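The primary structure of each chain is shown beneath.
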Amino acid sequence: MPNVIEQILDLARWAPSGDNTQPWRFEILNEGHIVVHGFDTREHCIYDLHGFGSQLAHGTLLETLRIAATGFGLRAEISLRQDAPETQPLYDVWLHRDSEEVQADPLLPYIERRCTQRRAFRTHALTLDEKQALSASVGNAYRVLWIDGWSGRWAMSKLLFASGKVRLTIPEAYNVHSSIIQWNTCYSEDRIPAAAIGLDPVTLKLMRWAMRSWARVDFFNSYLAGHLLPRIELDMLPALRCAGHFILLCDKEPQGIKDHMEAGRAIQRFWLTATQLGLQLQPEMTPLIFARYVHQGIPLTRAMPALQQAKDLADRLERVIGESPAKAVFMGRIGHGRTPHSRSVRLPLAKLLESSQIGKS
């Protein structure tokens, strides 16, 4: 069993997380009991308001673990410990071998293939069967809002272009961006490789030069419209060059770690189903995150112009959704396209195990 547990965890670690932060560590207590030690990045990451993003990632990890366990005929029972700190949640995972054989989940082969593609997709629309499969994957507590066709893609393009201006012109976001990119590589174990960002080589070199300090970025933005080209390449054009966009909505506004964790599980089923269908996907979470700041009355930044821009952005997102963005937990673009040649990989299992526990259970 210990070797089986290690194999399950070795698959589970491929779950997605914001900026490849991997906010989890594993502890093997015995042959059928794993503790997932979660943490969040709220103290230093503007994109992790109240740990919301990290809690979604915990859910994607736990769902991936559940799916991985089925490949060994095991059923995973997952429970959130009620006495753990909010910033360091603990999740107990018990592995059971039931009397009736557990069938391997059809999404199992796609765990390692699932990735983020930030470059262009083909623009032909998803089929009805593809949409139905994706909508069915998230379960009854969630629904998928589709935004496609030329008019839908154009509306999202303008929304994301506006969001990009906020993202690229506030120091709080710069502090994150400057730490998450790994330069001169196609793969990164714990960050985003520069080759996967989606910029052309010239813009990428200019971006690397500017990002050596906030003073450079601020000067570049203030006097040379330095944010304009990245917004076109990273926000506007990708939003147009896809089959469409989606927003995953809860029936009610999620409250607390358990709701966010369950939403993360739905997100991973959606993403793995997209991979199973041969589709590429890119999350577009920034407008949603900024809208949460506005919805909760929390200042996003000390830069006053950006505060008003964020409020306008939240209003535009609400018009797109047709109801409060507070019910939205995930959004992105989707379509058929090439598999990326560059991607974030993951820390090896040995670095994710508490107390170097390989073989000790």
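Please read all numbers here as calculations on a predicted model, not as lab measurements.

K.L.:
Before we go on, may I ask you to explain the sheet that holds strand S2 (residues 33–38) in this structure?
P.N.:
Each strand in a sheet pairs with its neighbour through backbone hydrogen bonds, running either in the same direction (parallel) or in the opposite one (antiparallel). Pairing within the open sheet is antiparallel, and its four strands lie in the order S1-S2-S4-S3. Among the strands making up the open sheet, the edge pair consists of strand S1 (24–30) and strand S3 (75–80). Taken over all neighbouring pairs, the strand axes of this sheet differ in orientation by 25° on average, direction set aside. When S2 meets strand S4 (residues 90–96), the two strands line up antiparallel, connected through five bridges. Looking at the pairing, His-33 lines up with Trp-94 of S4. On the sheet, helix H2 (residues 52–70) packs against S1, S2, S3 and S4 and is oriented at approximately 10° with respect to S4.

K.L.:
Would you explain the environment of Val-102 in this entry?
P.N.:
Within the secondary structure layout, Val-102 lies in the loop between S4 and helix H3 (128–137). Its relative accessible area of 17% is what places Val-102 among the buried residues. Separated by 28 residues in the primary sequence, Val-102 and Leu-74 have C-alpha atoms spaced 6.1 Å apart. The residues contacting Val-102, other than those within four sequence positions of it, are Thr-70, Gly-73, Leu-74 and Arg-75.

K.L.:
Looking at this model, I keep getting lost on the packing of aromatic side chains. Mind explaining?
P.N.:
Centre-to-centre distance and the angle between the planes together describe a pair of aromatic rings. Tallying each qualifying case throughout the model produces nine aromatic pairs. Centroid distance Trp-209 to Phe-220: 6.4 Å. Interplanar angle 70°. Geometry classified as edge-to-face. Pair noted here: Trp-209 is in helix H6 (residues 201–210) and Phe-220 is in helix H7 (residues 214–224), with a separation of 11 residues, a long-range link. One cation-aromatic arrangement involves Arg-114 over Trp-271; the distance from NZ or CZ to the ring centre is 4.4 Å. Just above the ring of Phe-52 sits the side chain of Arg-292; from NZ or CZ to the centre is 3.7 Å.

K.L.:
What is the right way to read the sheet that holds strand S11 (residues 328–335) from this model?
P.N.:
Sheet architecture is open: four strands sit in the order S5-S9-S11-S10, paired in antiparallel fashion. Either end of the sheet is taken by a strand with one partner, and the two such strands are strand S5 (142–148) and strand S10 (280–283). Going across the sheet, the axis of each strand differs from the next one's by a mean of 30°, ignoring polarity. As paired strands, S5 and strand S9 (residues 244–250) are joined by seven bridges and run antiparallel to one another. When the bridges of S9 are listed, Ile-147 appears paired with His-245.

K.L.:
Which parts of the structure should I look at to understand the pattern of salt bridges?
P.N.:
Pairing between side chains of opposite charge can happen when the charged atoms of each approach one another. One pass over the structure, following the stated rule, counts 18 salt bridges. A salt bridge links Arg-265 to Glu-63, with the shortest nitrogen-to-oxygen separation between them at 2.8 Å. Highlighted residues: Arg-265 in helix H9 (residues 256–276) and Glu-63 in helix H2, separated in sequence by 202 residues. For Arg-265, a relative accessible area of 14% translates into the label buried. Asp-148 is paired through a salt bridge with Lys-131; the nearest N and O atoms lie 2.6 Å apart. In this pair, Asp-148 is assigned in strand S5 and Lys-131 in helix H3, connecting sequence segments 17 residues apart. Judged by its relative accessible area of 26%, Asp-148 is partly exposed.

K.L.:
I'm lost on the nonpolar core in this one. Help?
P.N.:
The nonpolar side chains of a soluble globular protein tend to be buried, and buried together. Residues Leu-248, Phe-270, Leu-300, Phe-330 and Ile-334 are the most contacted members of the largest nonpolar core, which totals 68 residues. Sort the elements by how many residues they give to this core and helix H11 (residues 304–321) lands first, with seven residues. In this structure Leu-248 touches Val-138, Tyr-142, Arg-143, Val-144, Ala-266, Ile-267, Lys-327, Ala-328, Val-329 and Phe-330, once residues within four positions along its chain are discounted. In this structure, Val-36, Ala-76, Met-261 and Leu-347 belong to the second largest nonpolar core, which totals 37 residues.

K.L.:
Which parts of the structure should I look at to understand helix H5 (residues 171–180)?
P.N.:
One full turn of an α-helix is made of 3.6 residues, so residues set three or four places apart face in the same direction. Counting buried positions along H5 gives seven out of 10 residues, so the element sits mostly inside the fold. Those residues of H5 that sit buried are Pro-171, Glu-172, Ala-173, Tyr-174, Val-176, His-177 and Ile-180. Along its buried surface, H5 packs onto helix H4 (149–169), strand S6 (181–182), strand S8 (192–193) and H7.

K.L.:
What am I meant to see in the packing of helix H10 (residues 286–295) against H11 here?
P.N.:
The axes of two packed helices give the description: the angle between them and the distance between them. As a packed pair, H10 and H11 sit with axes 9 Å apart at the nearest point and diverge in direction by 110°. By the angle class used here, H10 and H11 are roughly perpendicular. Two secondary-structure elements touch here, H10 through Pro-287, Leu-288, Phe-290, Ala-291 and Val-294 and H11 through Ala-310, Lys-311, Leu-313, Ala-314 and Leu-317. Across the contact of H10 with H11, the residue classes break down as nine nonpolar, no polar and one charged.

Criteria and thresholds
- Residues numbered from 1 in each chain as written.
- Predicted model: local features only at pLDDT ≥ 70, side-chain atom pairs only at ≥ 80, totals over all residues.
- Heavy atoms only, no water.
- Pairing = 2+ DSSP bridges.
- Helix = DSSP H or I, 4+ residues; strand = E, 2+ residues; numbered from the N terminus.
- Axes fitted to C-alpha atoms, helices over the stretch in contact; angles between N-to-C directions.
- Contact = heavy atoms within 4.5 Å.
- Buried < 20%, exposed > 50% of the residue type's maximum accessible area, 1.4 Å probe, protein only.
- Phe/Tyr/Trp six-rings, centres within 6.5 Å; stacked < 30°, edge-to-face > 60°.
- Lys NZ or Arg CZ within 6 Å of the ring centre and 35° of its normal.
- Salt bridge = Lys/Arg side-chain N within 4 Å of Asp/Glu carboxyl O.
- Core = buried A, V, L, I, M, F, W, Y, C linked by side-chain atoms within 4.5 Å.
- Parallel < 35°, antiparallel > 145°, perpendicular 65-115°, else oblique.
- Nonpolar A, V, L, I, M, F, W, Y, C, P; charged D, E, K, R; others polar.

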